[in-house]
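# Secondary and tertiary structure notes
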Amino acid sequence: VFQVGRAPVEGAAVLAREGRGLVEDVEPAHLRAAELALDTPGISVVDVALLAARLGATAMHDPTEGGLAAGLHEIAAASGARLRLDRTTVLWWEPAVALCTAAGADPWATLASGTLLAAFDAAEAGRVASAFSAAGHEAAVIAIAERGAGVVDTRNNPVAWPERDEISRLFEDVR
């Protein structure tokens, strides 16, 4: 499973635009980048999804609510497989992680529109990575499918399926 594009871009944008009281201690450069994140880096995955389809993706998902953690669980459930996640290869957007940290949000479970999860046959990983790179898309293999169910990391620790998105939790707590 490839992750194409960094995460959690949309969550950072929402925090910067609507949660100022939650992120007061963030570096101004990170805050400004997050304010502009809906456009740069952006949250549309249409172009990269079309490319993934042309490259032979067997499954795709735009992990929105619940972030990368929920998106991986949704792919695992839909495919009837277990995903083994390599946490070290995940593409994090630094301003988003800074805002999540300041707000007390888990980046794994934060609104991740702008990232595409795309599954390919393992034998095609090199070709697919080269094609994404040639098209100007940052991509990394973050998980492999195997027999079983759910999502685990490389140490066989279960990855929790978030009960709700962190943005929803934070804004509910503010009320």
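Provided above is the structure to which this section pertains.
The following paragraphs examine the structure supplied in this document. As the structure is a computational prediction, the values presented were derived from the model and not from experiment. (Residues numbered from 1 in each chain as written. Predicted model: local features only at pLDDT ≥ 70, side-chain atom pairs only at ≥ 80, totals over all residues. Heavy atoms only, no water.)

## Overview of the overall build of the protein
This is how it is decided: Counting from the N terminus, the helices are DSSP H or I runs at least four residues long and the strands are E runs at least two residues long. Using C-alpha atoms as the atom set, the radius of gyration is obtained and then compared with a globule rule of 2.2 Å times the number of residues to the power 0.38. Remark: exposure states derive from per-residue accessible area (1.4 Å probe, protein chains only) relative to the maximum for the residue type, with buried under 20%, exposed over 50%, and partly exposed in between. The contact rule is simple, with two residues in contact once any of their heavy atoms fall within 4.5 Å. Note on areas: Shrake-Rupley with a 1.4 Å probe; residue coverage comes only from the protein chains shown. Think of it this way: Lys and Arg go in the positive column, Asp and Glu in the negative one, and His and the chain ends go nowhere. By convention, charge coordinates are those of NZ in Lys, CZ in Arg, CG in Asp, or CD in Glu.
Helix and strand counts for the protein come out as eight helices and seven strands. Its C-alpha radius of gyration of 16 Å places the protein within 12% of the 16 Å reference for a compact globule of 175 residues. By its C-alpha atoms, the protein is 45 × 35 × 25 Å across when sized along the principal axes. When burial is assessed residue by residue, the protein has 47% of its 175 residues classed as buried. Of all intrachain contacts in the protein linking residues separated by at least 6 positions in sequence, the fraction that spans at least 24 positions is 85%. Carbon and sulfur atoms provide 51% of the accessible area of the protein, an area that totals close to 8600 Å². Across the protein, the centroid of the 14 positively charged side chains sits 4 Å from that of the 24 negatively charged ones.

## A closer look at the sheet that holds strand 3 (residues 82–85)
Adjacent strands of a sheet form backbone hydrogen bonds with each other and so pair up, either parallel or antiparallel. Counted only if it meets this: At least two bridges found by DSSP between two strands is the condition for calling them paired. Working convention: axes come from line fits to C-alpha atoms, limited for helices to the stretch in contact. Angles between N-to-C directions cover 0 to 180 degrees.
Read across the open sheet, the three strands follow the order 6-3-7; overall the sheet is mixed. Bordering the open sheet on either side are strand 6 (143–146) and strand 7 (150–153), each of which pairs with just one other strand. Each strand of the sheet is rotated relative to its neighbour by a mean of 25°, with strand direction disregarded. Sheet topology places strand 3 next to strand 6; four bridges connect them, and they run antiparallel. Within strand 6, the residue paired with R82 across the bridge is E146. Packing of helix 5 (residues 67–79) onto the sheet brings it into contact with strand 3, strand 6 and strand 7, and relative to strand 7 it is tilted by some 125°.

## Considering the packing of aromatic side chains
Geometry of an aromatic ring pair is reported as the spacing of the ring centres plus the angle between the planes. Note the threshold: Only Phe, Tyr and Trp rings are paired, with Trp represented by its six-membered ring, and only when their centres lie within 6.5 Å; those with planes under 30 degrees apart are stacked, over 60 edge-to-face, the remainder tilted. Here, a charge over a ring means that NZ of Lys or CZ of Arg falls within 6 Å of the ring centre while also lying within 35 degrees of the ring normal.
On inspection of all chains with the given rule, the structure shows four aromatic pairs. Arranged with centres 6.1 Å apart and planes meeting at 75°, the rings of F120 and F132 form a pair that is edge-to-face. With F120 in the loop between strand 4 (116–119) and helix 7 (125–134) and F132 in helix 7, this residue pair connects regions lying twelve residues apart in the sequence. Here F120 and F132 have matching classes, each one buried. Members of the aromatic cluster, joined through ring pairs, are F2, F120 and F132. Over the ring of W108 we find R87, and its NZ or CZ is 5.1 Å from the ring centre.

## Quick look at helix 1 (residues 9–18)
Summarising burial for helix 1: eight of the ten residues are buried, a large majority. Those residues of helix 1 that sit buried are V9, E10, G11, A12, A13, V14, L15 and A16.

## Details of the packing of helix 2 (residues 28–35) against helix 6 (residues 94–103)
Packed helices, taken two at a time, are described by the angle their axes make and the gap between the axes. Selection rule: Small angles under 35 degrees read as roughly parallel and large ones over 145 as roughly antiparallel, with 65 to 115 read as roughly perpendicular and the rest as oblique.
Following both chains from N to C, one finds helix 2 and helix 6 inclined at 110°, their axes separated by 9 Å at the closest point. In terms of orientation, helix 2 lies roughly perpendicular with respect to helix 6. Packed against helix 2, whose contacting residues are H30, L31, A33 and A34, the element helix 6 presents E94, P95, A98 and L99 at the interface.

## What about the nonpolar core?
Basically, it comes down to this: Throughout, nonpolar core names a set of buried Ala, Val, Leu, Ile, Met, Phe, Trp, Tyr and Cys residues whose side chains join them through atoms within 4.5 Å.
Of all hydrophobic cores here, the largest spans 21 residues; its most connected members are L15, V23, L31, W93, L99 and I167. Of all the secondary structure elements, the ones that give two or more residues to this core are helix 1, helix 2, helix 6 and helix 8 (166–174). Setting aside residues no more than four positions away along its own chain, I167 makes contact with G11, V14, L15, T110 and L111. In this structure, A7, L91, A140 and V151 belong to the second largest nonpolar core, which totals 20 residues.

## Some words on the sheet that holds strand 5 (residues 139–141)
Strand order in the open sheet made by the four strands is 2-4-1-5, with antiparallel pairing throughout. Because the sheet does not close on itself, it has two edges, and the strands there are strand 2 (59–61) and strand 5. Neighbour-to-neighbour, the strand axes of the sheet open up by a mean angle of 20°, direction not taken into account. As paired elements, strand 2 and strand 4 share three bridges and run antiparallel to each other.

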